[in-house]
Amino acid sequence: MGTDKALLPLGEANVIQVIASELAGAVDDVRIAVGKGYREEYAELGYTQAADVYPGCGPLAGLHAGLTAHRGASSSGEGGWSLSVPCDTPLVRTELFKVLIQYAELQENSCYQAIVPVIEGQTHPLIALYHDCVIPVLEQQLETGRRRVMDFLSQISVRYVTEHELAADAGMPWTVSDISEMFTNMNQMEDYERIKKRCCQ
């Protein structure tokens with residue numbers, strides 16, 4: 001994209017503000033994984049920033065930063081479940097997060113360590129829920145230089161959910177097509193322009 005996707009304008013806000021606002025409607029604590037260190041341009045959002053323990057190691061490092069920050073902030077030292085959302089998916093909505101959280105709550109007595117959507121056959125491991133018990137697996141992978149997210153998923157117990165399952169949930173007022181669109185990310189400037197038109201209608 002040639003620029004920080006999270007800070008691209010979207011209506012009266014920017015991309016990360018839109019995502020954080022939707023996320024804040026579903027969870028009590030929003031933290032932004034910021035890579036190597038504190039980002040002044042994110043300060044005005046008012047959310048705690050979580051720096052990478054493994055800087056320069058891609059999405060897994062950001063996931064690790066978020067999970068460890070959440071666990072460290074809990075009074076018991078056990079963070080439980082955390083919701084991960086990438087900074088380039090501004091079509092996500094609070095209702096989607098709430099339904100995913102319900103799936104996690106139903107797994108409390110199961111062996112699942114993650115709730116990961118599979119939309120139109122594509123796995124979306126960055127719009128997902130993870131239990132903090134996966135942190136040691138993340139650390140092992142990062143310390144041995146294995147950065148592929150799908151390799152990480154193969155090491156843990158995952159409950160995969162499809163767009164059809166999500167649409168069938170009573171708490172989801174969206175169609176299968178609507179849900180699929182929420183998982184659109186911005187890889188090219190054309191994606192951003194299309195999403196901007198969609199959001200500013």
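Values in this document were obtained by computation on a predicted structure and should not be read as measured data.

Enumeration over the complete set of coordinates arrives at one aromatic pair. The ring centre of Tyr-42 lies 4.6 Å from the NZ or CZ of Arg-39, which sits over that ring.

Looking at the secondary structure, you find Ser-84 in strand 5 (residues 81-84). Classification of Ser-84 by relative accessible area gives buried; the value is 14%. A distance of 2.9 Å separates the side chain of Ser-84 from the backbone oxygen of Leu-126, its partner in a polar contact.

The tally for this structure, following the rule as stated, stands at seven salt bridges. Its salt-bridge partner being Asp-4, residue Arg-39 comes within 2.6 Å of it at the nearest N-O pair. Separated by 35 residues along the polypeptide, Arg-39 in the loop between strand 3 (31-33) and helix 2 (40-43) and Asp-4 in the segment before strand 1 (9-10) bring together distant segments of the chain. When its relative accessible area of 23% is taken as the criterion, Asp-4 is described as partly exposed. One salt bridge in this structure joins Asp-151 and Arg-148, with 2.7 Å as the shortest N-O distance. When salt bridges with common partners are traced through the structure, they connect Asp-4, Arg-39 and Glu-41 into a single cluster.

Buried within helix 9 (residues 189-199) we find Asp-191, Tyr-192 and Ile-195. End-on view of helix 9: buried residues confined to an arc of 95°, all on one side of the axis. Exposed and facing more than 90 degrees away from the buried side of helix 9 are Glu-190 and Lys-197. On its buried side, helix 9 packs onto strand 1.

Quick notes on the rules
The numbers attached to residues start from 1 for each chain and follow its sequence in the written order. It should be noted that, the model being predicted, local features are given only for residues of pLDDT at least 70 and side-chain atom pairs only at 80 or more, the latter also being counted only at that level, while totals for whole chains, interfaces and linings use all residues. With hydrogens and water stripped out, all remaining heavy atoms of the structure feed into the side-chain values. Each aromatic pair joins two rings of Phe, Tyr and Trp (for Trp, the six-membered one) with centres within 6.5 Å, and gets the label stacked for planes under 30 degrees apart, edge-to-face for over 60, and tilted for any other angle. Geometrically, a lysine NZ or arginine CZ counts as sitting over a ring once it is within 6 Å of the ring centre and also within 35 degrees of the ring normal. Every helix listed is a DSSP run of H or I at least four residues long, and every strand listed is a run of E at least two residues long, numbered separately from the N terminus. A simple rule labels every residue: compare its accessible area, found with a 1.4 Å probe on the protein chains alone, to the largest value its type can have, and call it buried under 20%, exposed over 50%, or partly exposed in between. Any N or O atom pair separated by 3.5 Å or less is treated as a polar contact, with the protein-specific requirement of one donor-capable and one acceptor-capable atom, and with residues adjacent in sequence counted only for side-chain atom pairs. Just to be clear on terms, a salt bridge is a Lys or Arg side-chain nitrogen sitting within 4 Å of an Asp or Glu carboxyl oxygen. Here, the arc refers to the directions that run from the helix axis to the C-beta atoms. Throughout, a residue-residue contact means that at least one pair of heavy atoms, one from each residue, lies within 4.5 Å.

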